[in-house]
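So you can see what is in the structure, the chains are spelled out below.
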Amino acid sequence: MNDKYRIYGMQEYLIHLTEGEDTCVVNPAGLKIHGALDTAKLEQVMQKMTEQNDALRFVFERDDKTHKLYQRVLEQYHCKLKIKKLDGESKKEQTKNLIEDVQTAMRKVSYLPDGQVKWDVILYQYEQDEYELWVLANHVISDGLSVMNILTKIVMGYNDMPMAQSGQYLDYIKEQYLIEEDEQLERKRSAYKETIADYKNPIKTDGIGHREDPYRAIAMIDTTKLKTFTREYKMSLFHAALFLTHAALSATFDTADSLIGVAVGNRKLNNMLSIGDFLTGYADRLIFGENDSMRQMAVQCKRQYLEESKSDYAAYNCFGKGLLFMIAYQNYAGEEPEITFGDAKAEPIEDYSAYMVSYPWKSLCIDIYEMPQGLALMGGYDSSIFTDEVMLRLNTAFNVAAKCLTDCDVTYREYCALVDEAMTQTEVSA
């Protein structure tokens with residue numbers, strides 16, 4: 001196909017997460033595999049997956065006249081599995097070389113206007129029958145097929161399990177165009193944006209995104225007691241996590257007004273078969289009163305989210321450009337069993353922090369992973385704006401907020417005082 005398609009709203013926002021217009025964040029996913037592999041079959045699985053999912057055939061280029069970024073879909077794409085035998089005299093040296101190679105591949109996939117597909121699969125071999133399989137996917141195609149979807153399809157295909165046909169990404173994009181151009185829906189979005197027009201960022205952001213910083217850990221929240229609270233108050237861990245983020249940001253930046261861009265898998269559009277990653281997004285706002293109960297505000301946050309998410313505009317991109325805070329929620333709470341991979345056995349790689357490349361972040365982007373051991377908060381941010389001191393306070397504020405829900409309810413003013421007290425104790429200990 002030679003037809004050119006413009007970038008739609010959510011893609012524009014994902015590109016804007018980092019400085020510049022030529023790159024977008026890349027997500028990795030990997031498996032450690034022990035046992036014999038049929039690499040020819042693995043490549044055939046990749047080829048079939050590419051033929052069935054047009055998101056894997058999208059390429060991006062710049063128009064020669066307007067210099068604007070556009071996308072098009074390749075009629076065909078021949079997959080070639082990259083197989084690399086790791087050099088090194090020790091396992092540690094081999095792993096170091098693997099990390100460097102993954103980072104190089106991620107940088108290549110992150111660059112958009114090169115006319116190449118925005119994903120890659122690499123099989124690294126340590127020794128005989130010892131491998132790591134890495135999948136890399138650019139966020140810009142995540143509405144079509146996310147990196148975890150790609151990896152899951154590879155595992156299913158290699159195990160001769162039927163792969164459900166996903167909706168076509170191009171159909172979804174055309175649907176987005178209609179939504180963006182619909183006058184009635186635009187009026188709804190405009191009316192919603194007016195309700196948050198008086199919001200002001202709590203800090204100055206001049207110069208944000210002018211330096212590169214890695215994706216890293218932000219906080220870890222124990223959910224043992226939090227699950228009891230959510231059951232009692234009839235809310236999910238996602239609802240609790242959304243509230244905790246509002247509370248932590250408010251206490252960290254000394255403001256009672258929090259506005260967060262929320263990205264969750266809650267698509268309300270016609271193309272329901274598509275199983276991408278960041279499916280819908282809207283700006284969630286929560287304003288605290290000094291004497292508001294933290295628990296009651298958590299309930300209000302849940303009710304507000306459920307109500308807003310029913311509205312038409314919540315299914316469309318309301319982010320625009322420039323939101324300072326963003327969260328994405330993903331559930332990995334199931335126990336991770338050993339994965340059958342043909343005649344071999346595999347296990348997921350869980351910690352990607354050593355592999356992530358640095359980006360010039362334009363927002364504080366927090367990924368919240370619901371895992372068996374708790375809520376793991378990872379993210380990217382400009383460390384010249386969000387300094388070590390700021391991020392320590394944010395970490396503290398998250399955990400104090402969780403205790404206010406699980407141990408003893410307090411007012412918002414008392415919660416902020418508890419955060420100050422915890423920070424003072426941290427400074428004394430240091």
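Here the structure is a predicted model, which means the values were calculated and not measured.

Caption draft 1: Spotlight on the pairing of strand E2 (residues 26-34). Burial runs high along E2: seven of the nine residues are buried. Sheet topology note: the E2/strand E7 (residues 130-138) ladder contains nine bridges and is antiparallel. Counted as the bridge partner of Ala-29 is Val-135 from E7. Summarising the sheet, E2 and strand E13 (residues 344-348) pair through four bridges and their orientation is antiparallel.

Caption draft 2: Structural context of the sheet that holds strand E12 (residues 339-341). The strand order E5-E6-E7-E2-E13-E12 describes an open sheet built from six strands, whose pairing is mixed. In this open sheet, the two strands that pair with only one neighbour each are strand E5 (82-85) and E12. Strand-to-strand twist across the sheet, computed as the mean angle between neighbouring axes with direction ignored, equals 30°. Packed on one face of the sheet, helix H2 (residues 39-52) meets E5, strand E6 (119-127), E7 and E12 and runs near 165° to E6.

Caption draft 3: Broad picture of helix H4 (residues 147-158). Its 12 residues place the ends of H4 17 Å apart at the C-alpha level, agreeing with the 16 Å of an ideal helix rising 1.5 Å per residue. With nine of its 12 residues buried, H4 lies for the most part within the structure. The set of residues buried in H4 consists of Val-147, Asn-149, Ile-150, Leu-151, Lys-153, Ile-154, Val-155, Gly-157 and Tyr-158. Each element contacted by the buried residues of H4 is listed here: E2, H2, E6, E7 and E12.

Caption draft 4: Representation of the pattern of salt bridges. Taken as a whole, this structure holds 18 salt bridges when the rule is applied. A salt bridge links Asp-420 to Arg-393, with the nearest nitrogen and oxygen atoms 2.7 Å apart. With Asp-420 in helix H11 (residues 412-429) and Arg-393 in helix H10 (residues 388-406), this residue pair connects regions lying 27 residues apart in the sequence. Residue Asp-420 is classed as partly exposed on the basis of its relative accessible area, which comes to 38%. Shared partners join several salt bridges into a network, and the residues in it are Arg-6, Glu-180 and Glu-181.

Cut-offs applied
- Residues numbered from 1 in each chain as written.
- Predicted model: local features only at pLDDT ≥ 70, side-chain atom pairs only at ≥ 80, totals over all residues.
- Heavy atoms only, no water.
- Buried < 20%, exposed > 50% of the residue type's maximum accessible area, 1.4 Å probe, protein only.
- Helix = DSSP H or I, 4+ residues; strand = E, 2+ residues; numbered from the N terminus.
- Pairing = 2+ DSSP bridges.
- Axes fitted to C-alpha atoms, helices over the stretch in contact; angles between N-to-C directions.
- Contact = heavy atoms within 4.5 Å.
- Expected span 1.5 Å × (residues − 1).
- Salt bridge = Lys/Arg side-chain N within 4 Å of Asp/Glu carboxyl O.

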